[in-house]
Amino acid sequence: QARPGQPPPGSLKATVRVQFVNQHGVEEAGVDGGGLFKDFLSAFIEEAFDPAATGPGLFVETPDRTLYPNPASLHRAGPDHLRKLEFMGAIL
């Protein structure tokens, strides 16, 4: 429930805090003074727009190297593919 003057829960209009977790599931030390958010944003953009097989499969690359939404993103990125696209739009 939203409070007057406060963004609703889950809103990206609030402060975004980033906590990285390593491949072993352990939180990495660090204070998010802006640097962690910058690292998150860089990694997010690199992965989100990577049309290679290792990417989330949200976009496909044309021969002239432009990207368009992948019609098969459901199969490549999973059942929450539309939420991922919505999140990308909100972040960008």
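These lines cover the structure that appears in this document, whether it is placed above or below. (Residues numbered from 1 in each chain as written. Predicted model: local features only at pLDDT ≥ 70, side-chain atom pairs only at ≥ 80, totals over all residues. Heavy atoms only, no water.)

Focus on the environment of L74
Next, step 1: By the secondary structure assignment, L74 is in helix 2 (residues 73-77).
Next, step 2: Residues L74 and L58 lie 16 residues apart in sequence; the distance between their C-alpha atoms is 8.4 Å. (Helix = DSSP H or I, 4+ residues; strand = E, 2+ residues; numbered from the N terminus.)

Here's the deal with unusual backbone geometry
Where the residue is not glycine, phi is negative for most of them; where a peptide bond is considered, it is trans in most cases.
Next, step 1: Despite not being glycine, R65 shows a phi value in the positive range, around 70°.
Next, step 2: With respect to the helices, strands and loops of the structure, R65 is situated in the loop between strand 1 (59-61) and strand 2 (67-69).

Some details on the pattern of salt bridges
Next, step 1: Considering all chains together, one arrives at 2 salt bridges under this definition.
Next, step 2: One salt bridge in this structure joins R65 and E61, with 3.4 Å as the shortest N-O distance.
Next, step 3: Since its relative accessible area comes to 66%, R65 is described here as exposed.
Next, step 4: Between D80 and K84 there is a salt bridge; the shortest N-O distance is 3.7 Å.
Next, step 5: The class of D80 is partly exposed, set by a relative accessible area of 34%.
Next, step 6: Overall, the relative accessible area of 29% leaves K84 in the partly exposed class. (Salt bridge = Lys/Arg side-chain N within 4 Å of Asp/Glu carboxyl O. Buried < 20%, exposed > 50% of the residue type's maximum accessible area, 1.4 Å probe, protein only.)

Here we look at the nonpolar core
Next, step 1: Listed in full, the 8 residues of the largest apolar core are F40, F44, A48, L58, F59, A77, M88 and I91.
Next, step 2: Elements that contribute at least two residues to this core include exactly helix 1 (35-48) and helix 3 (81-91).
Next, step 3: The biggest single contributor to this core is helix 1, with 3 residues. (Core = buried A, V, L, I, M, F, W, Y, C linked by side-chain atoms within 4.5 Å.)

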